[in-house]
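# Per-entry structural report
This is what each chain is made of:
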Amino acid sequence: MKDNRCMKSVLLAILLAGAALAQSKFANPGFEQGNAGGVPTGWMLPQMLADAGFGAKTVEDNCRTGARCAMLTGVANPPQNMFGNLIQTLPTAGYKLRRIRMTAAIRVEGEATRAQMWLRLDRADRSMAFLENMQRNPVISSEWKTYSITTDVPGDAATIVAGFMLFGPGKAWVDDVTLEILDEIHTEPAEAARPLTAQGLTNLTAFAKLYGYVRMFHPSDEAAAADWERFAVLGVRAVEAAESIADLQARLTKLFQPVAPTLQIFSGAAPAAPAVSTKPPHFIRYEHQGIGLLESAVTYNLYKSPRAKNPVSGPLPEPFTASIAPGLRAGIPLALYVDDDGTLPHTPRSPKPELYQYSAEDRAVRLADVVIAWNVFQHFYPYFDVVKTDWAAELPKGLRAAATDAGPVEFEKTLARMVAALKDGHGRVGGPNARPQLVPPVTLDWIEGQFLVTRAQSAAQGIAPGDRVLKIDGKPIDQAAAEARALISGATDQWIRSRLAADLSVCSGARMALEIEPFSTPGTTRIVDLPCGPRKFKDPETYTEPRPTNKITELEPGIFYVDLDRVADAEWSALAPRLAAAKGIIFDMRGYPGQSGVLSLQHITGDTIRSAKWNVPSVPKPDRVDFGFTESGWDLKPAEPRFKAPRVFLTDGRAISYAETVMGIVEFYKLGAIVGGPTAGTNGNVNPFRLSGGYNLSWTGMKVLKHDGSQHHGIGILPTHPASRTRKGVAEGKDEILQRGLEVVKTGGR
């Protein structure tokens, strides 16, 4: 999965400049106003983008409707992390507590060019309530097509910010922008925090299990049409107070009967299944390929959960039975007869459900979120056989914590601890009050078991590389690290250390106070007060090691260094001939490269090579019973010119996901020496989803195995030439990994 944090960082910076354009409706949505050739009236092209060569103007040719439309023009070799952007801002007056949909017609032309519509909701404190930017389904077609983004506007949203981004050297046309209200959203009083009783925990555990069985596996039309977010909240409220198992059985039956008419909840022996007077020629059941969630945080998702209709060739499979509470079991039909009017038995159609907005200030919402999240992972997480987590034990932990959490911030930590138990490097939790991250003008990292300053920018006075951090804002580093570590999900120590360094580097305010032990005067301490500013991504002075300033550097005659983390795709055609004539090549994979990582491999191999094994879960039954996989992969064809010189790939625990795809190919096909440390040990497409209250959860939805079928998760790609940094080397400004790579490439890559 590509990391779009850098995109968001740039977006945040330029969006704040749009506040002066506020209005109650989109101005000039069809681009008919103003003068042709100028920036469309009512819209803004940030000056920093115009200075970089990006354009946006009103045109009269090739429009979809009317006389005019907008055209964005790109830049062949833009500055790092910059892209075209046409922006408009308006207040949320009239849109609060409404479901809205932004729609526009878009088309693009040009090689390696894409456009993305985006919509963002800001609060008054500039925290972000919502952002969708089509990162996973960009516009690449030259034909006019209509695209839309739908979201609910919370009551605390102050500003709607929207626009159109252009990546690449080509052009994009935009026309017929609309913003419409689809529905009203209701709210409810929040229930205060209070602890769960023993019986209440039993009741909610039973509800949670049954919720997952019915929602994700019972194929009735009623279940497919249900508002499962609201069902979870109402279910928590209805079930928790049951006073006995018999009372619990009655409440669960009343709650689930409307969505699962053939569900059976019983104590003792299972009752006989209801007889069917006539058997239609078809039955229907879920055919999960991973889990396709309506709450998915991405518009395009390769994971699907269709209900598939099949011809009847015998009796239907027996219902799935499971214990949901002491003395209480449930029988859940996983297949149902279906005719032209729907699944049997037919029931009256329910009215369209009303929309509700939920906040994690409400105890029931927090409990419902735990129920939903636990079930997603319980039935579909592909790595429990590897990580050995007792996932059943995480449900009561999460429910107890959610019941007493003080509010949204504390509950975010509860969700983070749950995701951390997955031991998944892609595991993250985003809360409803996300703000731009500020960091001090130093880079911090774990070296030889110590938390060190590894780089210091000009704004960092009184501190230098090699200095050891003892306290952050008065908190001992061991304590700060332990608290942050509990909220980090990772399959390997190397990835967790990388995440931990990044998380500890985030400022809590406008300044950060570091108590340090200077390298130059061991045994002494001092406190350094540092200003905080926006995080820079892929900036040479912010990497943990002092990489060459130029991303393509001739280190010695004929020996080239190529920072694949910074080389843009568009630069590759000019770079390839230079590398074909090289005597040695060092590729830096310490980070998250773009497509250039794969492009480099095409010039190394003389044969078609293949990716690792991608395995999407095939999930026919709950609780991972008969859990299987559908394997896939992709081929990589050779390209000219060939790079025949000795090659070295630098890597470490920061290399995750796509970077590990590249390094896995290098490892299996022996395309070069691997210098540094093991990679992160987590690969595969993520399957993020949203929870009530504004939380976004990210996790790995598929299992990736190495080319030979062996385990990758929790192991990663191991170096052929292990190398690590030292405090002394950091203090001396050395990149010891690069130095080791240079030694290896000069010996022919051996």
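All values derive from a computational prediction rather than experimental measurement.

Bringing the sheet that holds strand 15 (residues 328-332) into the picture now. The sheet built from 3 strands is open, its strands ordered 10-15-14 with antiparallel pairing. The sheet is open, and its two borders are formed by strand 10 (264-266) and strand 14 (320-325), each paired with just one other strand. Adjacent strand axes in the sheet meet at a mean angle of 25°, parallel and antiparallel pairs treated alike. Two strands pair when backbone bridges link them, and strand 10 and strand 15 are joined in this way by 3 bridges, in the antiparallel orientation. Bridge pairing in strand 15 places I265 opposite A330. Contacts from helix 3 (residues 198-217) reach strand 10, strand 14 and strand 15 within the one sheet, and its direction differs from that of strand 14 by about 160°.

Per the stated rule, a full pass over the model turns up 2 disulfides. Here C63 engages in a disulfide with C69; their sulfurs sit 2.3 Å apart. Taking the sign of the S-S torsion, -75° for the link of C63 and C69, the bridge is left-handed. As far as the burial class goes, C63 and C69 line up, both buried. If one numbers only the bonded cysteines of the protein, in the order they occur, the disulfide pattern is 1-2, 3-4.

A large share of strand 29 (residues 559-563) lies buried, amounting to 5 of its 5 residues. Strand direction decides the pairing type here: strand 28 (residues 552-556) and strand 29, joined by 4 bridges, are antiparallel. Paired with I552 across the bridge in strand 29 is V562. Adjacent in sequence and paired antiparallel, strand 28 and strand 29 are bridged by 2 residues, among which G558 carries a positive phi angle near 85°. Note that strand 29 and strand 30 (residues 584-588) share 5 bridges and pair parallel. If you follow V562 over to strand 30, its bridge partner there is F587. The parallel pair strand 29 and strand 30 is bridged by helix 13 (residues 572-580), and the resulting crossover is right-handed.

This part covers the side chain of D175. Considering the arrangement of structural elements, one finds D175 in strand 9 (residues 171-186). Within the buried core, D175 has no salt-bridge partner, and the shortest N-O distance to an opposite charge, that of R64, equals 6.8 Å. Looking at D175, its side chain comes within polar contact range of the main-chain nitrogen of R64, at 3.2 Å. When residues no more than four places from it in sequence are discounted, the contact partners of D175 are G30, F31, C63, R64, T65, R68, C69, A104, A105 and W144.

Thresholds, definitions, all that
Residues numbered from 1 in each chain as written. Predicted model: local features only at pLDDT ≥ 70, side-chain atom pairs only at ≥ 80, totals over all residues. Heavy atoms only, no water. Pairing = 2+ DSSP bridges. Helix = DSSP H or I, 4+ residues; strand = E, 2+ residues; numbered from the N terminus. Axes fitted to C-alpha atoms, helices over the stretch in contact; angles between N-to-C directions. Contact = heavy atoms within 4.5 Å. Disulfide = S-S within 2.5 Å. Buried < 20%, exposed > 50% of the residue type's maximum accessible area, 1.4 Å probe, protein only. Right-handed = clockwise from strand over helix to strand, strands pointing away. Lys, Arg positive; Asp, Glu negative; His and termini not counted. Salt bridge = Lys/Arg side-chain N within 4 Å of Asp/Glu carboxyl O. Polar contact = N/O pair within 3.5 Å; in protein donor to acceptor, adjacent residues only side chain to side chain.

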